[in-house]
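Structural characterization, general
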Amino acid sequence: MKLVIDEKEYNIKPLTIDDYIYFSKKENQDIKDLDLLLRFTDAPKSELVKLPFHKINFVASVIRSDFGGDDDYGTLDLVITHKGKKYGLIKPSEISYEEWVNLEVFLAQSPLNFKLIAAHLYKPLKSDKVGDERELIDYDLTECESRVYDFGDLPMGHFTSALFFLTTFAQKLTEGLVGSMANKLKMKKKLNELKTEQKKKFYNQ
């Protein structure tokens with residue numbers, strides 16, 4: 001998205017994890033429209049003050065709409081470039097036991113440590129392969145923790161779509177396990193009933 005002032009284009013940066021955390025605090029939620037544009041665009045204040053009031057208000061409202069966009073998960077990117085380095089989305093089929101347990105712990109914490117979770121959702125690539133063929137480095141908690149600070153600049157769109165992907169997978173996995181256990185219990189019950197009927201028939205002969 002671009003902001004045009006006197007035929008000059010200025011970038012409007014996406015909402016990042018650090019931005020989201022900052023504006024989640026009550027004392028930062030009453031920021032003025034002009035200050036919001038100064039934070040999210042590279043336009044100088046001397047140019048912004050020339051804009052009509054309604055344009056400042058409109059751009060600010062568009063930026064604010066990202067703050068509560070919990071249902072807008074955006075596009076799920078399997079590979080992203082962040083600060084000049086390529087990262088790949090974790091593959092559920094390749095998640096190690098340690099990685100899964102740590103993610104469960106982090107997702108159960110309150111408040112959530114968005115940056116730490118993001119560093120787990122996206123890991124450095126170990127080859128040039130992308131898409132479904134992407135190859136990720138082996139999981140290491142210390143390595144993930146070393147990237148927490150850098151991931152504060154990760155756009156929330158990447159984070160929320162990746163988190164939605166993971167939680168959906170986890171939900172289906174849980175439902176599958178519960179369903180599997182339920183089916184086993186039903187089968188065990190049927191077998192016990194069959195054995196009981198067989199015993200009755202045997203002793204009634």
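Residues numbered from 1 in each chain as written. Predicted model: local features only at pLDDT ≥ 70, side-chain atom pairs only at ≥ 80, totals over all residues. Heavy atoms only, no water.

**Things to note about the side chain of histidine 158**
Applied cut-off: A helix here means a DSSP run of H or I that spans at least four residues, while a strand means a run of E at least two residues long, and both kinds are numbered starting from the N terminus. Any pair of N or O atoms that falls within 3.5 Å is considered a polar contact. Within protein, one atom must be able to donate a hydrogen and the other to accept it, and sequence-neighbouring residues count only if both atoms are side-chain atoms. It only takes one pair of heavy atoms within 4.5 Å for two residues to be counted as in contact.
Within the secondary structure, histidine 158 sits in helix 8 (residues 156-203). A distance of 3.3 Å separates a polar atom in the side chain of histidine 158 from a polar atom in the side chain of aspartate 77. Residues in contact with histidine 158, not counting those within four places in the same chain, are Asp77, Ile80 and Tyr122.

**Focus on the environment of glutamate 104**
Just so we agree on the cut-off: Note on exposure labels: buried denotes an accessible area under 20% of the residue type's maximum, exposed denotes more than 50%, and partly exposed covers the range between, all computed with a 1.4 Å probe on protein chains only.
For glutamate 104, the position within the fold is in helix 5 (residues 97-108). Given a relative accessible area of 46%, glutamate 104 falls into the partly exposed group. In this structure the C-alpha to C-alpha distance between glutamate 104 and alanine 170, which are 66 residues apart in sequence, comes to 9.6 Å.

**As for the nonpolar core**
Soluble globular proteins tend to pack their nonpolar side chains together in the buried interior. Inclusion rule: In this text, buried Ala, Val, Leu, Ile, Met, Phe, Trp, Tyr and Cys residues form a nonpolar core when linked through side-chain atoms within 4.5 Å.
If you look at the biggest cluster of nonpolar residues, it comprises 40 residues, and the most contacted ones within it are Leu3, Leu37, Leu121, Tyr122 and Phe159. Secondary-structure elements contributing two or more residues to this core are strand 1 (2-5), helix 1 (17-24), helix 2 (33-40), helix 4 (53-65), strand 4 (85-89), helix 5, helix 6 (114-121) and helix 8. Aside from chain neighbours lying at most four places away, what touches phenylalanine 159 is Ile17, Phe114, Ile117, Ala118, Leu121 and Leu154.

**Side note on the confidence of the model for the protein chain**
Which entries qualify depends on this criterion: A score from 0 to 100, pLDDT tells how confident the predictor is in each residue.
Per-residue pLDDT for the protein chain has a mean of 81; in total, 79% of the residues score no lower than 70. This stretch, residues 176-184, has a pLDDT under 50; its non-local contacts, to residues over four places away or in other chains, come to 0 contacts. Note on residues 198-205: pLDDT under 50 across the span, and 0 contacts to partners over four residues away in sequence or across chains.

**Re the environment of lysine 8**
Here lysine 8 shows up in strand 2 (residues 8-11). Among the residues examined, lysine 8 registers a relative accessible area of 45% and is labelled partly exposed.

**A look at the sheet that holds strand 3 (residues 79-82)**
Heads up, the condition is: Here a strand pair is declared whenever DSSP counts at least two bridges between the two strands. Interaxial angle, 0 to 180 degrees, is taken between N-to-C directions of lines fitted to C-alpha atoms, where a helix line uses only the stretch in contact.
With antiparallel pairing, 3 strands are arranged side by side in an open sheet as 3-4-5. Whereas interior strands pair on both sides, the edge strands pair on one side only; in this sheet they are strand 3 and strand 5 (122-124). Strand after strand, the sheet turns through a mean of 40° between neighbouring axes, direction not considered. When strand 3 meets strand 4, the two strands line up antiparallel, connected through 4 bridges. Counterpart to valine 79 in the pairing with strand 4 is glycine 88. Across the face of the sheet, helix 6 comes into contact with strand 4 and strand 5 while running at roughly 55° to strand 5.

**Overview of the packing of aromatic side chains**
The condition that has to hold: Each Phe, Tyr or Trp ring, with Trp reduced to its six-membered ring, pairs with another whose centre is within 6.5 Å; inter-plane angles below 30 degrees give stacked pairs, above 60 give edge-to-face pairs, and intermediate values give tilted ones. The rule for a charge over a ring is simple: NZ of Lys or CZ of Arg within 6 Å of the ring centre, and within 35 degrees of the ring normal.
Taken as a whole and judged by the stated rule, the model has 5 aromatic pairs. Judged by centre distance (4.9 Å) and plane angle (90°), the rings of tyrosine 22 and phenylalanine 23 are edge-to-face. Among the aromatic side chains, those forming a connected cluster through ring pairs are Tyr20, Phe114 and Phe159. A cation over a ring is seen here: arginine 39 above tyrosine 22, with NZ or CZ 4.2 Å from the ring centre.

**Quick word on the pattern of salt bridges**
Stated formally: Any Lys or Arg side-chain nitrogen found within 4 Å of a carboxyl oxygen on Asp or Glu counts as a salt bridge.
If you walk through the whole model with that rule in mind, you get 11 salt bridges. Residue lysine 13 pairs with aspartate 19 through a salt bridge whose shortest N-O separation is 2.6 Å. The exposure class of aspartate 19 is buried, given its relative accessible area of 3%. Across the pair lysine 129 and glutamate 135 runs a salt bridge, and its minimum N-O distance is 3.5 Å. Linked through salt bridges whose partners overlap, the residues forming this network are Lys13, Asp19 and Arg39.

**Regarding the environment of glycine 157**
Along the chain, glycine 157 turns up in helix 8. When the C-alpha positions of glycine 157 and proline 14 are compared, they lie 8.2 Å apart, and in sequence the two are 143 residues distant.

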